[in-house]
Amino acid sequence: PACGSSDALGRYSDGHAYCFSCGRYHPPGEGEGVSMSSRKRERMTKDLITDAYLGPLTARGISEETCRKFGYRLCDDFKGRPVQVAEYRTPDGKLVAQKVRFPNKDFTVLGDLKAAGLFGQHLWRDKGRMVVVTEGEIDALTVSQLQENKWPVVSVKNGANGAKRDLQKAMDWLLGFEEIVLFFDDDEVGRKAVEDCAPLFPPGRCKVARVAGFKDANEALKAGKGREIIDAIWGAKTFRPDGILGGEELWDAFVSSCNDAAVAIELPWKGLQDKTHGLRLGELVTITAGSGIGKS
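All of these numbers come straight from a predicted model, not from anything done at the bench. Positions within a chain are numbered from 1, following the residues in the order the chain's sequence is written. Given that this is a predicted model, residues contribute local features only at a pLDDT of at least 70 and side-chain atom pairs are listed and counted only at 80 or more, while totals for whole chains, interfaces and linings are drawn from all residues. Hydrogens and water are ignored here; the side-chain numbers use all heavy atoms of the structure.

Novice: Please explain helix H8 (residues 226–234) as it appears in this structure.
Specialist: An α-helix turns once every 3.6 residues. As a result, residues three or four positions apart point the same way. Exposure is judged per residue with a 1.4 Å probe applied to protein chains only, and the accessible area is read against the type maximum: over 50% gives exposed, under 20% gives buried, and values in between give partly exposed. To qualify as a helix, a DSSP run of H or I must reach at least 4 residues; to qualify as a strand, a run of E must reach at least 2; elements of each kind are numbered from the N terminus. By the burial criterion, the buried members of H8 are Gly226, Ile229, Ala232 and Ile233. With its buried residues spanning 120° around the axis, H8 presents them on a single face. In the core, the buried residues of H8 are packed alongside strand E8 (128–134), helix H3 (137–146), strand E10 (177–183) and helix H7 (217–222). Arc, as used here, means the arc of the directions from the helix axis to the C-beta atoms. Whether two residues are in contact is decided by their heavy atoms, any of which lying within 4.5 Å being enough.

Novice: What am I meant to see in the pairing of strand E6 (residues 95–101) here?
Specialist: When you tally the buried positions in E6, you get five out of seven residues, the bulk of the element. Between any two strands, at least two bridges found by DSSP are needed for them to pair. Sheet topology places strand E5 (residues 81–89) next to E6; six bridges connect them, and they run antiparallel. Counterpart to arginine 89 in the pairing with E6 is leucine 95. Counting the residues between successive antiparallel strands, the hairpin from E5 to E6 contains five residues, one of them, glycine 93, with a positive phi of roughly 100°. In sequence, E6 turns back onto strand E7 (residues 107–111) through a hairpin of five residues, with lysine 105 there showing a positive phi of about 80°.

Novice: So what exactly am I meant to see when it comes to the sheet that holds E6 here?
Specialist: The strands making up a sheet associate through hydrogen bonds between their backbones, and the pairing can be parallel or antiparallel. Here seven strands make up an open sheet; going across it, the order is E3-E2-E1-E7-E6-E5-E4 and the pairing mixed. In this open sheet, the two edge strands, each paired with only one partner strand, are strand E3 (25–26) and strand E4 (72–78). As defined by bridge partners, E6 adjoins E7 across five bridges and the pair is classed as antiparallel. By the bridge assignment, arginine 101 is partnered in E7 with phenylalanine 107.

Novice: What should I look at first to understand the sheet that holds strand E12 (residues 237–238) in this one?
Specialist: Strand order in the open sheet made by the five strands is E9-E8-E10-E11-E12, with mixed pairing throughout. In this open sheet, the two strands that pair with only one neighbour each are strand E9 (153–155) and E12. Direction of pairing for E10 relative to strand E11 (residues 206–208): parallel, over a ladder of three bridges. Pairing of valine 181 across the sheet is with lysine 207, part of E11. Seen against the sheet, H3 touches E8, E9 and E10 and runs at an angle of roughly 170° to E9. Only the stretch in contact is used when a helix axis is fitted, and all axes are lines through C-alpha atoms; the angle between N-to-C directions ranges over 0 to 180 degrees.

Novice: I'm lost on a nonpolar patch on the surface in this one. Help?
Specialist: Exposure above 30% relative accessible area and the lack of any salt bridge qualify a residue for a patch; like charges then connect within 9 Å, and the nonpolar side chains Val, Leu, Ile, Met, Phe, Trp and Tyr within 5 Å. Areas reported as accessible are Shrake-Rupley estimates using a 1.4 Å probe. Residue values count occlusion only from the protein chains shown. Criterion for a salt bridge: a side-chain nitrogen of Lys or Arg within 4 Å of a carboxyl oxygen of Asp or Glu. On the surface, a cluster of nonpolar side chains totalling about 390 Å² of accessible area is made up of Ile265, Leu279, Val285 and Ile287. Mapped onto the fold, leucine 279 is located in strand E14 (residues 279–280). Looking at leucine 279, the relative accessible area reads 38%, which means it is partly exposed.

Novice: How should I be thinking about the packing of H3 against H8 in this particular structure?
Specialist: Each pair of packed helices can be summarised by the angle the axes make with each other and by the distance between the axes. In the contact formed by H3 and H8, the axes pass within 10 Å of each other and the chain directions differ by 95°. With respect to their mutual orientation, H3 and H8 come out roughly perpendicular. Together, Thr142, Val143 and Leu146 of H3 and Gly226, Ile229, Ile230 and Ile233 of H8 make up the contact between the two elements. Each residue receives one of three labels: charged for Asp, Glu, Lys and Arg, nonpolar for Ala, Val, Leu, Ile, Met, Phe, Trp, Tyr, Cys and Pro, and polar for the others, Gly being one of them. Across the contact of H3 with H8, the residue classes break down as five nonpolar, two polar and no charged. Throughout this description, any angle smaller than 35 degrees is read as roughly parallel, any larger than 145 degrees as roughly antiparallel, any in the 65 to 115 degree range as roughly perpendicular, and the remainder as oblique.

Novice: What am I meant to see in the side chain of threonine 90 here?
Specialist: With respect to the helices and strands, the residue threonine 90 is situated in the loop between E5 and E6. For threonine 90, the contacting residues outside a window of four places in its chain are Val96, Ala115, Ala116, Gly117 and His122.

Novice: Please explain the state of the cysteines as it appears in this structure.
Specialist: Here, the word disulfide means a covalent bond between the sulfur atoms of two cysteines. Here, the term disulfide refers to a pair of cysteine sulfur atoms separated by no more than 2.5 Å. All told, the structure shown has zero disulfides when counted by the stated rule. Cysteine 206 supplies the cysteine sulfur nearest to cysteine 197, a cysteine that is in no disulfide, at a spacing of 8.2 Å. Look at cysteine 197 and you get buried, because its relative accessible area is 0%.

Novice: Help me out: how do you make sense of the nonpolar core in this one?
Specialist: In a soluble, globular protein the nonpolar side chains are often hidden away together inside. Residues Val133, Leu167, Leu174, Leu182, Phe183, Phe184 and Ile229 are the most contacted members of the largest nonpolar core, which totals 61 residues. Residues within four places of leucine 167 in sequence aside, it is in contact with Leu118, Val133, Val156, Leu174, Leu182, Cys197, Leu200 and Phe201. Among the buried residues, those of types Ala, Val, Leu, Ile, Met, Phe, Trp, Tyr and Cys that are joined through side-chain atoms within 4.5 Å form a nonpolar core.

Novice: Is there a simple way to explain H3 in this structure?
Specialist: Counting buried positions along H3 gives eight out of ten residues, so the element sits mostly inside the fold. Within H3, the full set of buried residues consists of Glu137, Ile138, Asp139, Ala140, Leu141, Thr142, Val143 and Ser144. Of the residues flanking the end of H3, it is glutamate 148, one or two places downstream, whose phi is positive at about 60°.

Novice: Would you mind showing me how to read the environment of valine 263 here?
Specialist: As for its placement among the helices and strands, valine 263 is situated in the loop between helix H9 (251–258) and strand E13 (264–265). Residue valine 263 is classed as partly exposed on the basis of its relative accessible area, which comes to 49%. Ignoring anything within four residues of it in the chain, the contact list for valine 263 reads Leu279 and Arg280.

See below:
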């Protein structure tokens, strides 16, 4: 209600709510469209849903096999409405929480989400070549399915605004991988989350993936762009703060500068001239050699 987001408000069993889009906290008793009696019933709901079943997410293009892999289930009647149920487990596989998603994209949390690892973390080894981190469960299912559910994919627990906190908590596990690819939503909030999260990792370890023209991975999948998603992951660019360039990005400029005789002063020594292409303004030539060899 504070920012108009359609799917970012999470309501918890004690009646409070938190918006992962604008970051506003709503205390118990505040909010639109939720009566106090329903909040009281929600506070009394302590047990996890036990009658959820497996099935495909047809509208999302997600198969039953992928849902089984991650423990993403369906329930026909939770508080009078059909819901989707994402299982959250500890890194060693113990079920401790469920995120319940309603048809209008609102969600609530059952159990102890703080005790859980990243969504899907328990499925993978503690180290490897690469891990993809998405902003939501559906995108994690999407990326995993396109990789035949064989390569590590996880999702943060609390959306873009909670991503930094979630990744900090899972940092030891994430650093077991050579590359960490952030595949967040390509919107203002998602891009801000990348700017906040990427600097958490050692330089060169974090990469950023996006599919041009689509908000997230699942939107691209529904448009038949599965190949583009895979290309975005394996071609993800290494994150660098604004203004920092890698040497590989400067090669053309360097070669052009070396070959531009118009701004170079020729040296009187042919060998050195061939190596340096002369002297240019703004450059420093450093000559090195072993100790005592006669540099002076």
